Amino acid sequence: MTDWDSDKTAEWGDKPVPKAEGESTRAGRKGPSLPPETGRDWKLIEKLVMSLQAEQRRSRRWGIFFKFLTFAYLFAILFMFKFPLGDTLDTATGKHTALVEVNGPIAADELASADNIVGALRTAFEEENAVAVLVRINSPGGSPVQSGYIYDEIKRLRQEYPEKKLYAVISDVGASGAYYIASAADEIYANRASLVGSIGVVAGGFGFTEVMDKVGVERRLYTAGDNKAFLDPFSPERDEEVVFWQGVLKNTHQQFIEAVKAGRGERLADDERLFSGLVWSGEQAVELGLVDGLGSSSYVARQIVGQEKLVDYSRRKSPLQDLVDQLGVAFGEGFAAQLLDSRLELR
């Protein structure tokens with residue numbers, strides 16, 4: 001006999017409701033009926049179910065919100081790639097002054113590479129609405145090869161488009177290879193406090209032989225060719241190699257001097273210090289003939305060219321690359337390159 005068949009009062013819920021005689025269970029056997037829950041129990045169950053449903057709805061809403069936010073972020077990045085902010089060539093309507101930027105180190109793997117600068121210059125000269133071309137420079141210099149490429153291309157474009165003048169404007173720094181480029185312009189302008197000049201060549205590195213001796217490191221270098229290990233930083237310095245390298249530097253320096261003289265001509269002052277590697281202020285540079293006058297890019301466009309509107313033809317980094325650089329991902333690579341590289345530079 002079960003509890004439900006006994007006369008004992010149920011401990012919870014309503015009292016058992018007796019089944020009609022002959023009524024059977026699902027299994028076909030006669031059995032007791034489970035007591036229905038009270039109204040209070042139903043309310044608790046209902047509250048529990050409703051709270052679970054509300055929690056699920058909240059989770060779905062937050063999920064939709066974050067998915068929408070992710071898609072909006074991706075759409076914004078794609079929009080930046082497709083339609084970058086700022087002036088573009090599509091907005092170059094009417095007469096204007098074409099602007100080409102030379103920013104940072106001049107090297108093949110930098111933004112101020114010959115490929116980027118030359119490509120922008122060609123586009124600017126070919127544009128019929130560009131009255132003149134203005135090269136705005138803020139660079140300490142860099143590779144003599146890259147600088148030479150840009151110098152030669154400016155000379156060629158000036159001959160091909162004789163009616164279109166090219167002006168160089170130095171902002172903070174226009175030194176070494178950057179001045180090499182500027183000297184190819186029709187006229188050069190700078191701020192009174194700009195740093196101009198540094199007409200010289202430099203190459204440097206490190207010698208680790210004494211450090212290796214102290215820590216007990218042995219150098220093992222195998223070459224085919226007497227000078228294949230030329231200026232190896234882990235081997236003792238050889239006088240004949242230093243003499244030869246000085247000859248290379250002098251030859252490159254002379255190329256630099258001849259290019260500046262060809263570009264500036266009789267405007268240069270008769271001062272032997274001009275090509276010694278010294279840097280001058282913009283005000284001093286005017287007196288020495290390194291610069292034609294003082295003024296900003298806006299001043300040159302407005303007062304010299306006569307077309308105040310500037311349209312930027314410069315090649316830019318992609319927004320994603322710019323973001324990566326800002327996050328400092330390339331810091332370690334750049335530091336290692338500066339530490340270990342020994343390359344020829346104009347300074």
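It should be emphasised that the depicted structure is a prediction, and the values quoted were computed from it without experimental measurement. (Residues numbered from 1 in each chain as written. Predicted model: local features only at pLDDT ≥ 70, side-chain atom pairs only at ≥ 80, totals over all residues. Heavy atoms only, no water.)

Topic: the overall build of the chain
Step number 1: When its secondary structure is counted, the chain shows ten helices and ten strands.
Step number 2: Across the 347 residues that make up the chain, the buried fraction comes to 30%.
Step number 3: For the chain, contacts bridging at least 24 residues in sequence account for 73% of all contacts bridging at least 6. (Helix = DSSP H or I, 4+ residues; strand = E, 2+ residues; numbered from the N terminus. Buried < 20%, exposed > 50% of the residue type's maximum accessible area, 1.4 Å probe, protein only. Contact = heavy atoms within 4.5 Å.)

As for a nonpolar patch on the surface
Step number 1: The grouping of Trp62, Phe65, Phe66 and Leu69 at the surface amounts to a nonpolar patch, some 450 Å² of accessible area in total.
Step number 2: Within the secondary structure, Phe66 sits in helix α1 (residues 39-82). (Patch = residues over 30% accessible without salt bridge, like charges linked within 9 Å, V, L, I, M, F, W, Y side chains within 5 Å. Areas by Shrake-Rupley, 256 points an atom, 1.4 Å probe, with all protein chains shown as cover. Salt bridge = Lys/Arg side-chain N within 4 Å of Asp/Glu carboxyl O.)

Focus: the side chain of Gln146
Step number 1: Examined against the element boundaries, Gln146 turns out to sit in helix α3 (residues 144-160).
Step number 2: A residue is classified by how much of its surface remains accessible, and Gln146, at 12% relative accessible area, is buried.
Step number 3: Contact partners of Gln146, with chain neighbours within four places excluded, come to Ile106, Ala107, Ala108, Ser113 and Ala114.

Considering the pattern of salt bridges
Step number 1: Under the defined criterion, the tally for this structure stands at 14 salt bridges.
Step number 2: Through salt bridges that share partners, Arg122, Glu153, Arg156 and Glu160 make up one connected network.

Here we look at unusual backbone geometry
With the exception of glycine, the majority of residues adopt a negative phi angle, and the majority of peptide bonds are in the trans configuration.
Step number 1: The residue Ser176 is not glycine, and still its phi comes out positive at about 55°.
Step number 2: By the element assignment, Ser176 lies in the loop between β3 (166-175) and α4 (177-182).
Step number 3: Even without glycine at this site, Leu231 takes up a positive phi of about 55°.

Observations concerning the nonpolar core
Step number 1: Counting residues in each nonpolar core, the largest one holds 49 residues, and the members touching the most others are Leu121, Tyr179 and Leu290.
Step number 2: Examining the composition of this core, we find that seven residues originate from one element, helix α2 (residues 114-126), more than from any other.
Step number 3: Once residues within four sequence positions are removed from consideration, Tyr179 is found in contact with Ile170, Gly174, Ile188, Val196, Gly197, Ile199, Val260, Arg264 and Leu290.
Step number 4: Residues Leu99, Ala132, Val169 and Val305 belong to the second largest nonpolar core, which totals eight residues. (Core = buried A, V, L, I, M, F, W, Y, C linked by side-chain atoms within 4.5 Å.)

Thoughts on empty space enclosed by the protein
Step number 1: Within this structure, the stated rule accounts for one cavity of 30 Å³ or more.
Step number 2: For the largest cavity, the calculated volume is near 70 Å³.
Step number 3: Lining the largest cavity are Glu101, Asn103, Leu111, Ala112, Asn116, Ile117, Ser314, Arg315 and Arg316.
Step number 4: Those elements that provide at least two residues to the lining of the largest cavity are β1 (96-103) and α2. (1 Å grid on protein atoms, 1.4 Å probe; cavity = no way out; pocket = protein on both sides within 12 Å on 5 of 7 lines; lining within 4 Å. Points joined across faces, edges and corners; volume = space filled by probe spheres on them.)

Some thoughts on the confidence of the model for the chain
Note that predicted coordinates carrying low pLDDT should not be read in detail.
Step number 1: Averaged over the chain, the pLDDT score is 82; the fraction of residues at 70 or greater is 76%.
Step number 2: Residue range residues 1-6 is modelled with pLDDT below 50. Its contacts to residues more than four positions away, or to other chains, number eight contacts.
Step number 3: Below pLDDT 50 for its whole length, residues 21-27 participates in six contacts with residues either more than four positions away or in separate chains. (pLDDT = per-residue confidence, 0-100.)

Side note on the side chain of Glu101
Step number 1: Of note, Glu101 is situated in strand β1.
Step number 2: Glu101 gets classed as buried once you look at its relative accessible area, which sits at 13%.
Step number 3: When neighbours within four sequence positions are excluded, Glu101 is seen to be in contact with Ile117, Arg136, Asp312, Ser314 and Arg316.

Concerning the packing of α3 against helix α6 (residues 239-264)
What describes two packed helices is the angle between their axes and the distance between those same axes.
Step number 1: With their axes 12 Å apart at the nearest point, α3 and α6 run at an angle of 25° to one another. Here α6 runs roughly parallel to α3, going by the angle between their axes. When the axes of α3 and α6 are compared, the crossing they make is left-handed. Of the residues in α6, those in contact with Pro144, Tyr151 and Lys155 of α3 are Thr252, Ala259, Ala262 and Gly263.
Step number 2: Tallied by class, residues from the contact of α3 with α6 come to four nonpolar, two polar and one charged. (Axes fitted to C-alpha atoms, helices over the stretch in contact; angles between N-to-C directions. Parallel < 35°, antiparallel > 145°, perpendicular 65-115°, else oblique. Left-handed = near helix turned anticlockwise from the far one by under 90°. Nonpolar A, V, L, I, M, F, W, Y, C, P; charged D, E, K, R; others polar.)

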